Amino acid sequence: MKKTNFEILNEYLLALQRVDSLEKMDAYVAEITDAVDNVYPCISCKTGCYTCCTGASVPTVYAKEWQRIREYLKTLPEETQKAIKEKNEGMYSRHEEILNFIHGVITQVATMDDLKTFAKRMMEELKEESCPMHINGKCSIYEVRPTKCRIFGYFSFVYDNKVQMLSCSSDINKMQDYLEQQRTKQIALPFWNYLENKLINFVLDESEKYNMTAIPIWLKNDLETGKLEI
């Protein structure tokens, strides 16, 4: 008997119990996103598209993820490092208040009321921006990109008792069209919440200034403290 989409993805969720390191998480995410790709051919996240790198989509990056990125940055060509630094400085000069607010949301300092107040500003002010690591039309740290970047487009998440797709508006529309064609309203996508709950068991590091924050904040801190010299 053919397995349902829910049964296929549930097997991967059971396999999540065996993931106990960032490296194993990388491999696990590669497998489950491939599975989602096979279940939903309408998903169009492909190399060369960087919609998720632009605008107000600023991913959470955990301490050990950032440590890996930090070391990788040191291996990049000097001109790429310089471009990353200048781009980050430009973002801060234009949007320091917004970036500090994002840090507050990630570290749970900001309240829900704060989020409602800032949400429209974030969308408007960051719409022309992109991740500091996005240089010359591609991700300069793709091999060591954060987990949240790896799963974008293939997962859903629960927030404020509502389930939403972690995807760009274009792919959300394509998914809705696909479900209509299949004459169903049910969608089987793994939840980021489950993955994140597992991830935090091995990606926190009290030796860092933050346990988690966004890439621009990590980068600014490392440049100021000398952990990165660009």
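Procedures and definitions
As a convention, each chain's residues are numbered from 1 in the sequence order in which they are written. Note on the predicted model: pLDDT of at least 70 is required for a residue's local features to be given, and 80 or more for side-chain atom pairs to be given and counted; whole-chain, interface and lining totals, by contrast, use all residues. To obtain the side-chain values, all non-hydrogen atoms of the structure were included, while hydrogens and water were left out. Values of pLDDT, which run from 0 to 100, indicate the predictor's confidence residue by residue. We count a stretch as a helix when DSSP gives it H or I for four or more residues in a row; a strand needs E for two or more, and each element gets its number in order from the N terminus. The salt bridge criterion pairs a side-chain nitrogen of Lys or Arg with a carboxyl oxygen of Asp or Glu, the two atoms within 4 Å. Each residue gets one of three labels from its accessible area relative to the maximum for its type: buried under 20%, exposed over 50%, partly exposed in between, using a 1.4 Å probe on protein chains only. Every angle, taken between N-to-C directions, lies between 0 and 180 degrees, and every axis is a line fitted to C-alpha atoms, over only the stretch in contact when it is a helix. Here is the rule for angles: anything less than 35 degrees is roughly parallel, anything more than 145 is roughly antiparallel, 65 through 115 is roughly perpendicular, and the remaining ranges are oblique. Each crossing is labelled by how the near helix is turned from the far one, with a counterclockwise turn of less than a right angle marking it left-handed and a clockwise turn marking it right-handed. Should any heavy atoms of two residues lie within 4.5 Å, those residues are considered in contact. N or O atoms within 3.5 Å of each other form a polar contact, as long as, within protein, one can give a hydrogen and the other can take it, and as long as residues adjacent in sequence are counted only when both atoms are side-chain atoms. One fewer than the residue count of a helix, multiplied by 1.5 Å, yields its expected span.

All right, on to the confidence of the model for the protein chain then. Put simply, the protein chain has an average pLDDT of 89, and 97% of its residues get 70 or more. The secondary-structure element of the protein chain with the lowest mean pLDDT is helix H5 (residues 112-125), recorded at 77, while helix H3 (residues 63-73) shows the highest, at 98.

By the definition in use, this model includes 13 salt bridges. Here Lys64 makes a salt bridge to Asp205, at a shortest N to O gap of 3.6 Å. With Lys64 in helix H3 and Asp205 in the loop between helix H8 (192-199) and strand E6 (212-214), the pair connects residues that are 141 residues apart, well separated along the chain. The buried category is assigned to Asp205, whose relative accessible area is 16%.

Here we take up the packing of helix H2 (residues 22-39) against H8. Between H2 and H8, the least distance of the axes is 11 Å, while the angle of their chain directions is 160°. By the angle class used here, H2 and H8 are roughly antiparallel. Two packed elements cross with a definite hand, and for H2 against H8 that hand is right-handed. The residues of H8 that touch H2, namely those facing Leu22, Met25, Tyr28 and Val29, are Leu195, Lys198 and Leu199.

In this section: the side chain of Ser130. With respect to the secondary-structure elements, Ser130 resides in the loop between H5 and strand E2 (134-135). Separated by 2.5 Å, the side chains of Ser130 and Lys87 make a polar contact. When residues no more than four places from it in sequence are discounted, the contact partners of Ser130 are Cys53, Thr54, Lys87 and Met91.

This brings us to H2. With 18 residues, H2 extends 26 Å between its outermost C-alpha atoms, agreeing within 8% with the 26 Å of an ideal straight helix rising 1.5 Å per residue. Buried within H2 we find Leu22, Met25, Asp26, Tyr28, Val29, Ile32, Thr33, Ala35, Val36 and Val39. Here the buried face of H2 lies against helix H1 (5-15), H3, helix H6 (147-151), strand E4 (155-159), helix H7 (169-181) and H8.

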